[in-house]
Amino acid sequence: MNRSWWTLVECRGLAFAWLIAAHTLLISTNASGMEPEFEAQELPIPDTLSLEALPLSFYTFSSDEHWAEPQDSYWLNFSNFILRQERIQSPKVHAFGQWADRTLSGETHRLPMNDSYLRIGIATESEYGNVFQFEPEARFRLDIPTTKRKLRLVIESESDELVPLGERQRDRQLTETSRTKGTGTGALRYLSQIGDSINLSNDVGVRLHLPPDAFWRATADKQWDAGDHWGLRAQQQFYYYHQDGWGARSSLGASRDLGRGWQFWSSSELEWVHSDRKFVMGQIFSTTKRLNSRSLLTPRVGVLGESQPNWRTTSAFADLTWRYRLHSDWLFADLIPALTFPRDKGFKDQGSILFRVEMYFSGAINPNFMN
């Protein structure tokens, strides 16, 4: 009995000693701000990053296919063809712009701002009751600055003033067959300034068809800041075509940063169509959000109108453009759902969705086609 009691006292004393030691260690650790040290076994970097070190759930193929050659497929061959064309065609566009600039200017160098481009793509549009059908598209501009004078040679697949305003405002919603058939133009453009802030350009050229149609075009443009948040741009244009007569166009744009990556845009345009003896107008509101380095989101709403037989609304529309950069800065895809309410259809909604893939072969330095 005495021995059992003594054994119990020894056990309790040992437990009390352990508690005192643990408490002392905890206080000393907190006081010094140090954490217990642990030694970790380091693996060599090649072993850590090897394929064998990754978990099996990482793979969608079996282990014996790690080093298998890719199998030929339609998509692989098509994507390789597209990438190869950019590497082949872009230097040609760039070199042609350099050659033409040096030839016109008589100098051995060229100005860095060369706005020449070639756009090639395919697009398909589906409306109510219609199925998708891909159609090819192509546009180009040869815009060559010279070094001795403020003179440019501008050759375009089509000019904006030859396209109806309503179609021009909805250009990205349309495929090639839905647009007015354009005619290429070639012109010499002389650049000058009125004062210190108004840019003025005068174009003299011809429409590239038989018989040739001579034209003259003058454009005045001014941009300025209105306060800390608003940016404004005003443009006035007059033009005369020998076959179609003269016309005039006035436009006013405003932009504002809304925060969180959103940008607001307002565009008002009024145009005189001499052949129809009437004014046409358009008012567009849009916002733009750059989601990341690859995609851009642009919702828009707009109203179109005319002055004959009286001032009235001819159409209203809403669309949403999602642009995605597929590769580098020259291959893009657009997805555009849209609703249009035309007067000639009793303002009944006409829904459509358009998918487009475009390639840009440009001679410009660091072109930005995300917008």
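Quick notes on the rules
Residues numbered from 1 in each chain as written. Predicted model: local features only at pLDDT ≥ 70, side-chain atom pairs only at ≥ 80, totals over all residues. Heavy atoms only, no water. Helix = DSSP H or I, 4+ residues; strand = E, 2+ residues; numbered from the N terminus. Areas by Shrake-Rupley, 256 points an atom, 1.4 Å probe, with all protein chains shown as cover. 1 Å grid on protein atoms, 1.4 Å probe; cavity = no way out; pocket = protein on both sides within 12 Å on 5 of 7 lines; lining within 4 Å. Points joined across faces, edges and corners; volume = space filled by probe spheres on them. Nonpolar A, V, L, I, M, F, W, Y, C, P; charged D, E, K, R; others polar. Pairing = 2+ DSSP bridges. Salt bridge = Lys/Arg side-chain N within 4 Å of Asp/Glu carboxyl O. Buried < 20%, exposed > 50% of the residue type's maximum accessible area, 1.4 Å probe, protein only. Contact = heavy atoms within 4.5 Å. Polar contact = N/O pair within 3.5 Å; in protein donor to acceptor, adjacent residues only side chain to side chain. Phe/Tyr/Trp six-rings, centres within 6.5 Å; stacked < 30°, edge-to-face > 60°.

**Some thoughts on the overall build of the protein**
1) Next: Within the protein one finds four helices and 14 strands.
2) Next: When the accessible area of the protein is evaluated, it comes to approximately 24,300 Å², of which 60% is carbon and sulfur surface.

**Brief notes about the layout of surface pockets**
Gaps between atoms show up when a probe of the same size as a water molecule is rolled over them.
1) Next: In this model, the second largest pocket occupies a volume close to 1,000 Å³.
2) Next: Considering the residues around the second largest pocket, the lining is formed by 49 residues, among which Pro164, Leu165, Gly166, Glu167 and Thr180 are closest to the centre.
3) Next: Residues of the lining of the second largest pocket, tallied by class, amount to 15 nonpolar, 17 polar and 17 charged.

**Some thoughts on the pairing of strand S11 (residues 295-306)**
1) Next: Pairing geometry for strand S10 (residues 278-290) and S11, over nine bridges, is antiparallel. Looking at S11, one finds that Gly282 is bridged to Leu304.
2) Next: The turn joining S10 and S11, which pair antiparallel and follow one another in sequence, is formed by four residues.
3) Next: As paired strands, S11 and strand S12 (residues 312-327) are joined by twelve bridges and run antiparallel to one another.

**As for the pattern of salt bridges**
1) Next: Under the criterion given, the structure shown has 21 salt bridges.
2) Next: The shortest N-O distance in the salt bridge between Asp171 and Arg139 comes to 2.7 Å. Taken together, the positions of Asp171 in the loop between helix H4 (165-169) and strand S4 (185-194) and Arg139 in strand S2 (residues 135-145) put the pair 32 residues apart, joining distant regions of the chain.
3) Next: Here the salt bridges do not stand alone but share partners, grouping Arg119, Arg172, Arg323, Asp334 and Glu358 into one network.

**Some words on empty space enclosed by the protein**
1) Next: As enumerated under the stated definition, the model contains one cavity of 30 Å³ or more in all.
2) Next: In this structure, the largest cavity is lined by Arg119, Ile120, Gly121, Glu137, Ala138, Arg139, Arg172, Glu176, Arg179, Arg356 and Glu358.
3) Next: Counting residues per element, the ones that place at least two in the lining of the largest cavity are strand S1 (117-127), S2 and strand S14 (350-362).
4) Next: The residue makeup of the lining of the largest cavity, split by class, is two nonpolar, one polar and eight charged.

**Notes on the environment of Ile120**
1) Next: Along the chain, Ile120 turns up in strand S1.
2) Next: For Ile120, a relative accessible area of 31% translates into the label partly exposed.
3) Next: It is 5.7 Å that separates the C-alpha atoms of Ile120 and Glu137, two residues lying 17 residues apart in sequence.
4) Next: With residues up to four places along the chain from it excluded, the contact list for Ile120 reads Glu137, Val357, Glu358, Met359 and Phe361.

**Regarding the environment of Thr340**
1) Next: Assignment of secondary structure puts Thr340 in strand S13 (residues 331-342).
2) Next: Under the relative-accessibility criterion, Thr340 is labelled buried at 10%.
3) Next: Sequence spacing of Thr340 and Ala316 is 24 residues, and the spatial spacing of their C-alpha atoms is 5.9 Å.
4) Next: Contact partners of Thr340, with chain neighbours within four places excluded, come to Arg170, Gln173, Ser315, Ala316, Phe317, Lys348, Asp349 and Gln350.

**As for the pairing of strand S3 (residues 151-156)**
1) Next: The two faces of S3 differ: Arg152, Val154 and Glu156 on one face are buried, but Leu151, Leu153 and Ile155 on the other face are not.
2) Next: Of the pairings in the sheet, the one linking S3 to S4 comprises six bridges and is antiparallel in character. Its bridge partner lying in S4, Leu153 is registered against Leu188.

**Topic: the side chain of Ser266**
1) Next: Considering the arrangement of structural elements, one finds Ser266 in strand S9 (residues 262-273).
2) Next: Of the residues examined, Ser266 reaches a relative accessible area of 15% and is grouped as buried.
3) Next: A polar contact of 3.2 Å, which involves the side chain of Ser266, links it to the side chain of Gln283.

**Regarding the packing of aromatic side chains**
Each aromatic ring pair is specified by the distance between its two centres and by the angle formed by the two planes.
1) Next: Throughout the structure, instances matching the rule amount to eight aromatic pairs.
2) Next: Here Phe264 and Phe285 contribute two aromatic rings whose centre-to-centre distance is 6.3 Å and whose plane-to-plane angle is 20°, an arrangement assigned as stacked. Here the residue Phe264 occupies a position in strand S9, and Phe285 occupies one in strand S10, the gap between them amounting to 21 residues.
3) Next: Taken together, a centroid distance of 6.5 Å and an interplanar angle of 20° make the contact between Phe279 and Trp311 stacked. One end of the pair, Phe279, is in strand S10; the other, Trp311, is in the loop between S11 and S12, with 32 residues separating them in the sequence.
4) Next: Taken together, the ring pairs in this structure connect Trp246, Trp272, Phe279 and Trp311 into an aromatic cluster.

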